[in-house]
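Residue strings, one per chain:
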Amino acid sequence: SFSRGTPLERSVQSVSIVFPYLVELMFWRLLITLVLASAECRTYEESCYGGVALLQSSAKEVRSSGQALKKNQAPWSDFGGLIRWTDVDNLVQRIDPAPATTTSSSLLVRVLVSTAVLVVSASLLAPFLFLLLAAGGTIAQALGWPLSSGKSNVASAAKVPDSTATVGLLPPRAKVSWPWLVTSICLVDVLLNVVFILLLLRRQEGVLESPHALLSLVMETLVGSMFFLLFARWDDQRHIITAWQVLQSIRFFLIRRTIYLNPGVFIVSMLLLLLVSSVGVVAELFVDNEVRVPPYEPKKMDFDRPAFGWLGPYADWVQSKYLRWLITAFFCVADQMVWACFLYMCTSRPEEDMEQVSDDTFKQLVRAAMLLQMVALFPFCFTHLHATYVLVKQWCDQETLLRAYRTGPYDVPMLEDELTRESVLKTRLQTHKCRSITVVVPAYMPNEEDIVLECLDAYRREEAKYPGIMRVMLVWNSPQEHTWIEQQLEELQESWPAFSVHRNHMSTSKCDNLNMAISLLETDFALFNDVDTMVSAASMCRASLHLFEENHSAVQSYLVHCWEDFSGIQEAGCFPFGAVVTGHDGVLPSLNESVYGHMQLPFCNGRGSFWRSDAIKMIGFDHRTIAEDHDAMFRAKAYYGFTGVSDINILCQEREPPDFGNVISQRTRWMNGQMQKLRALSWAVRSQHMSPFLKIYLVYMEWISRPFQGFPFILAQWAGIWVMKARATEVNPLIAVNIFEVEVKWPVFALVIYVIPLASRYAASLLASRYRPRWLGWIMSSLLVPLIYNPVRETLVRFRMLHDFLWSSKLEFVCTTRDKTPSHSPSMSPSSSFFRGPSSAKLGEQSD
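Residues numbered from 1 in each chain as written. Predicted model: local features only at pLDDT ≥ 70, side-chain atom pairs only at ≥ 80, totals over all residues. Heavy atoms only, no water.

Asks: What is the right way to read the overall build of the chain from this model?
Replies: Within the chain, the regular secondary structure consists of 30 helices and 13 strands. By the burial criterion, 58% of the 848 residues in the chain qualify as buried. Of all intrachain contacts in the chain linking residues separated by at least 6 positions in sequence, the fraction that spans at least 24 positions is 84%. For the chain, the accessible area works out to roughly 35,700 Å², and carbon and sulfur atoms hold 63% of it. (Helix = DSSP H or I, 4+ residues; strand = E, 2+ residues; numbered from the N terminus. Buried < 20%, exposed > 50% of the residue type's maximum accessible area, 1.4 Å probe, protein only. Contact = heavy atoms within 4.5 Å. Areas by Shrake-Rupley, 256 points an atom, 1.4 Å probe, with all protein chains shown as cover.)

Encoded structure:
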């Protein structure tokens, strides 16, 4: 009952429920800090284990801190963790007179502590922001601000599908007249950069003594960037562009000490890194990819399908399976550029890089670093804060979900509002005639033979509730014969006029089944589902309102899960990792899931997706990508300007994989689909129906994390943090954590602009989530997911994804094994009398 009642009542309930857990959490953290302080901090001269110090000092004071320690004592405060200095004007930092050389063990501690600073800061801040967002959303509603609305606030801009419309793409970039000449110049530039880097490696720390040499390098980077930007083409130069970007990043890192000596050169170098990153974006995203529209030939008949992965034809040079895996391992290490920058920050090298920088120069440098840090992290901050706004708006629109995460595998999720006589939904349905709908269920029969009848039985019950024409279409394929299930389906088709079953003998993919179903559609709109996905008749009514009153082309449901996934009870028995995955999916949706619907993109998630029949017939599903759902979304928007919406009250219940192997396989397929969206992005940047802001937004979220090509942008994001971490000043305070004689420092400025957007999105996700109880969702999102789920995804899943991405574009769609566990839900089943009471009547009608 946490989310029942008005927003004001929900806010009061939020405070009353969360506050005891916050008090208990702060008590235990305070107790641990006091124990560490009393056990380890015997004298200040020895160490300050477990302490946190706020550092504000100049370089001169830092260097003289060893002598000042003998004169200034620093007693512990009442909180046991914050160091207060008796002479603030003279000294506000403790640094050992002779710091020990960083060993591998101390480096490991530095990494762990630095990671803990980020995780703990975000986890502690999220509950407070949760309360703030709840209160702010309530006040905004009371003042009449547009946070909550029953209809889309830009419905008038929605575009009705027109079957005679043409593909609205801008012309591709013109080919260069002499590609061989451009290639030669690019190769010369790359080779000269290699020679220069080799010469720098021979010099101590890569320091350049001549200012003219530094100016020449800056000019060379500028001229090279403009040449690559204007003349380089991905079809011709391909990975020469990537190699040039990587070399530019390495060159900046090697001469960073010389760059730090001049704030003006530092600013120019940071801007040039952003320009170098833009070269890769323009080269790879302005490729003239073939326009893909229906009809599509079956996957096994598509002989012209591209055969190469990201490496292109060069992949044929390597035939050894083991050598390919070795190259993938190299790419996997290089792909962790963010962690390499983070690791460098944990060492003492940033401080050593600033040894030759004077105090006055450093003050100018740190101000420039702060400014550039805001520029480099602006996309990160904006996307997370935008997602925060969208999630708070969803919470304001949210209606109470009955038996949240307590339903059985084939129970449909139901809202409390759907059972009342005078509900908002039933009131709207009195003036709206629900359009005819077809529920499309694709199936790969060896994988889903055991559960398909239960799925169809659930939709048969929903068909009786829908106040319009509802059809259910099962399209399946299999390399085997299934005599028993075919007989059962034929008998069901005879006894249930609304049901039809079709076997696609030409199909070898889910896309083939979906395209066959699209060609057979005769209703006004369709719901595309998996066999283990449940959607209620009320959700279909809400989708009809969005599609035909607001003229959208697509509607995406909000995903929830059943009790078995919540508790980790799967077919193989107890599966705790499955419970963590459910917590991640239920509390922390990805950024694109949070914002795409709000940005009017026809967001399609593969299951629980509603499409107008006239729109999906113009788009179809392309089997050349294993992310056919997102690919359809991008093509619909880029080609024709179709719009869509996500509704927090349109629910679909999906299932999680039943074991660890299937989790890895499923998430690898999803991540492969994200990488394959590069082709769709090339259509998006050329679209006549998308604004420049939306294009930039999509490029940042979908492209910037690609291996190697994101090096310059990532380096620009971290260089400012390295500068700020090097020395504390009056405008650059540092937070220092001392554990086991190892000191870790974080710039307060960088910590704030990173943690606050991240924590605000976590808090908003927790606020809008259907996951219950919320305190367990907070534990999942702040503790278990970062420590358990994220490392698995960033190692095993990402490694397998990179191997597929590098070597082949013909990725096979590996079906996720369906869980066959009988229902262990602690709540009642929809087959009980409660759900066969008033709710069994058609929605929009009054029952006696």
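There's more to say after this.
Asks: What am I meant to see in the packing of aromatic side chains here?
Replies: Inspection of the entire model under this criterion finds 38 aromatic pairs. With 6.4 Å between their ring centres and 65° between their planes, Tyr 405 and Phe 566 make a pair best called edge-to-face. In this pair, Tyr 405 sits in the loop between α13 (359-397) and α14 (424-429) while Phe 566 sits in helix α20 (residues 563-567), placing the two residues 161 residues apart along the sequence. The exposure classification of Tyr 405 matches that of Phe 566, with both residues buried. Ring pairs connect the aromatic residues Trp 234, Trp 310, Phe 330, Phe 331 and Phe 805, which therefore count as one cluster. Over the ring of Phe 253 we find Arg 256; its NZ or CZ atom is 4.2 Å from the centre of that ring. Lying across the ring of Phe 362, Arg 727 places its NZ or CZ 4.7 Å from the centre. (Phe/Tyr/Trp six-rings, centres within 6.5 Å; stacked < 30°, edge-to-face > 60°. Lys NZ or Arg CZ within 6 Å of the ring centre and 35° of its normal.)

Asks: Honestly, the pairing of strand β5 (residues 525-528) in this entry has me stumped. Any pointers?
Replies: Both faces of the sheet carry side chains from a regular strand, because those side chains alternate between them. Neither face of β5 is left uncovered, since the one carrying Phe 525 and Leu 527 and the one carrying Ala 526 and Phe 528 both have all their residues buried. Where strand β2 (residues 437-444) meets β5, four bridges bridge the pair, whose relative direction is parallel. For Val 439, the partnering residue across the bridge sits in β5 and is Leu 527. (Pairing = 2+ DSSP bridges.)

Asks: What's the story with the packing of helix α21 (residues 576-587) against helix α30 (residues 774-807) in this structure? I'm lost.
Replies: A packed helix pair is summarised by two numbers, namely the angle formed by the two axes and the spacing between the axes. In contact at an axis separation of 9 Å, α21 and α30 are set at 115° when each is read in the N-to-C sense. It follows that α21 is roughly perpendicular to α30 by the angle criterion. Relative to α30, α21 is oriented so that their crossing is left-handed. Facing Phe 577, Ala 579, Val 580, Val 581, Gly 583, His 584 and Val 587 of α21, the residues of α30 in contact are Gly 777, Met 780, Ser 781, Leu 784, Val 785, Ile 788, Tyr 789, Val 792 and Arg 793. (Axes fitted to C-alpha atoms, helices over the stretch in contact; angles between N-to-C directions. Parallel < 35°, antiparallel > 145°, perpendicular 65-115°, else oblique. Left-handed = near helix turned anticlockwise from the far one by under 90°.)

Asks: I keep staring at the sheet that holds strand β6 (residues 534-535) and nothing clicks. Help me out?
Replies: Strand pairs in the sheet, formed through backbone hydrogen bonds, run parallel or antiparallel to each other. Taking strand neighbours across the sheet as the criterion, the eight strands line up as β4-β3-β2-β5-β10-β7-β11-β6 in an open arrangement whose pairing is mixed. Looking at the sheet topology across the chains shown, the edges are occupied by β4 (499-503) and β6.

Asks: In this structure, what is going on with the UniProt feature "transmembrane region" (unreviewed entry) in the chain? I would like to understand it.
Replies: UniProt marks residues 17-37, 111-135, 178-201, 266-287, 322-347, 368-392, 746-763 and 775-792 with the feature "transmembrane region" (unreviewed entry), using the numbering shown here. Note that residues 266-287 is 91% helix and 0% strand, and that its end C-alpha atoms are spaced 33 Å apart. (UniProt positions renumbered as here; feature names shortened; annotations may be inferred.)

Asks: Got a minute to help me understand unusual backbone geometry in this structure?
Replies: Peptide bonds are mostly trans, and most non-glycine residues show a negative phi. Here Pro 294 and Pro 295 are connected by a cis peptide whose omega angle stands at 5°. Here Pro 295 shows up in the loop between α9 (263-285) and α10 (321-335). In the segment running from Arg 772 into Pro 773, the intervening peptide bond is cis, with an omega of 0°. Although it is not a glycine, Arg 238 adopts a positive phi angle of roughly 45°.

Asks: What's the story with the pattern of salt bridges in this structure? I'm lost.
Replies: Side chains that differ in charge, positive against negative, can pair when their charged atoms come close. Applying the stated criterion to the full structure yields 34 salt bridges. A salt bridge links Glu 794 to Arg 793; the shortest N-O distance between them is 3.4 Å. Taken together, the shared-partner salt bridges in this structure form one network comprising Arg 292, Asp 622, Asp 631, Arg 635 and Arg 679. (Salt bridge = Lys/Arg side-chain N within 4 Å of Asp/Glu carboxyl O.)

Asks: Please clarify how a nonpolar patch on the surface should be interpreted in this entry.
Replies: Together, Leu 215, Met 219, Leu 222, Val 223, Met 226, Leu 230 and Phe 231 make up an exposed nonpolar region whose accessible area comes to about 620 Å². Here Met 219 shows up in helix α6 (residues 211-231). (Patch = residues over 30% accessible without salt bridge, like charges linked within 9 Å, V, L, I, M, F, W, Y side chains within 5 Å.)

Asks: Looking at this structure, how should I read the nonpolar core?
Replies: Among the nonpolar cores identified, the biggest contains 184 residues, and Phe 266, Phe 528, Tyr 596, Trp 611, Phe 621, Leu 698 and Trp 746 are the most heavily contacted of them. The leading source of residues in this core is α13, at 16 residues. Among the nonpolar cores identified, the runner-up in size contains 48 residues, and Val 472, Phe 525, Val 535 and Leu 559 belong to it. (Core = buried A, V, L, I, M, F, W, Y, C linked by side-chain atoms within 4.5 Å.)

Asks: What's the story with α13 in this structure? I'm lost.
Replies: Given 3.6 residues per helical turn, the α-helix brings residues three or four places apart onto the same face. Between its first and last C-alpha atoms α13 spans 54 Å; for 39 residues at 1.5 Å apiece the expected length is 57 Å, and the two agree. The largest bend in α13 comes to about 55°, at Leu 377, with the proline Pro 379 one to four residues further on. (Expected span 1.5 Å × (residues − 1). Bend = angle between axes of the 7 residues up to and from the residue.)

Asks: Can you walk me through the confidence of the model for the chain in this structure?
Replies: Interpretation of this model should avoid reading the predicted coordinates in detail wherever pLDDT is low. Mean pLDDT over the chain works out to 81, with 82% of the residues at or above the 70 mark. Counting interchain partners and residues more than four positions distant, the pLDDT-below-50 stretch residues 829-840 has 21 contacts. (pLDDT = per-residue confidence, 0-100.)

Asks: So what exactly am I meant to see when it comes to the environment of Ser 114 here?
Replies: Here Ser 114 lies in helix α4 (residues 104-142). The spatial distance from the C-alpha of Ser 114 to the C-alpha of Phe 342 is 8.8 Å, given a sequence separation of 228 residues. Discounting chain neighbours no more than four positions away, the residues touching Ser 114 are Phe 342, Met 345, Cys 346, Val 744 and Trp 746.

Asks: I keep staring at the packing of helix α26 (residues 678-685) against helix α27 (residues 692-703) and nothing clicks. Help me out?
Replies: At their nearest, the axes of α26 and α27 sit 10 Å apart, and the two run at 165° to each other. In this view, α26 runs roughly antiparallel relative to α27, as classed from their interaxial angle. The two elements α26 and α27 cross, and the hand of that crossing is left-handed. Residues Leu 678, Leu 681, Ala 684 and Val 685 of α26 lie in contact with α27, whose contacting residues are Lys 695, Leu 698, Val 699, Glu 702 and Trp 703. The residue makeup of the contact of α26 with α27, split by class, is seven nonpolar, no polar and two charged. (Nonpolar A, V, L, I, M, F, W, Y, C, P; charged D, E, K, R; others polar.)

Asks: Can you help me understand the environment of Asn 477 in this one?
Replies: Counting through the fold element by element, Asn 477 comes out in strand β3 (residues 470-477). Along the primary structure Asn 477 and Met 506 are separated by 29 residues, whereas in three dimensions their C-alpha atoms are 8.1 Å apart. Asn 477 has contacts with Ala 443, Tyr 444, Met 445, Pro 446, Asn 504, Ser 507, Thr 508, Ser 509 and Asn 513, leaving out every residue within four places of it along the chain. A polar contact of 2.8 Å, which involves the side chain of Asn 477, links it to the side chain of Asn 513. (Polar contact = N/O pair within 3.5 Å; in protein donor to acceptor, adjacent residues only side chain to side chain.)

Asks: How do you make sense of the pairing of strand β7 (residues 554-560) when you look at a structure like this?
Replies: Counting buried residues in β7 gives seven out of seven residues, a clear majority hidden from the surface. Where β7 and strand β10 (residues 609-612) come together, three bridges link them in antiparallel fashion. For Ala 554, the partnering residue across the bridge sits in β10 and is Trp 611. Summarising the sheet, β7 and strand β11 (residues 644-653) pair through six bridges and their orientation is parallel. Across the sheet, the residue bridging to Leu 559 is Cys 652, located in β11.

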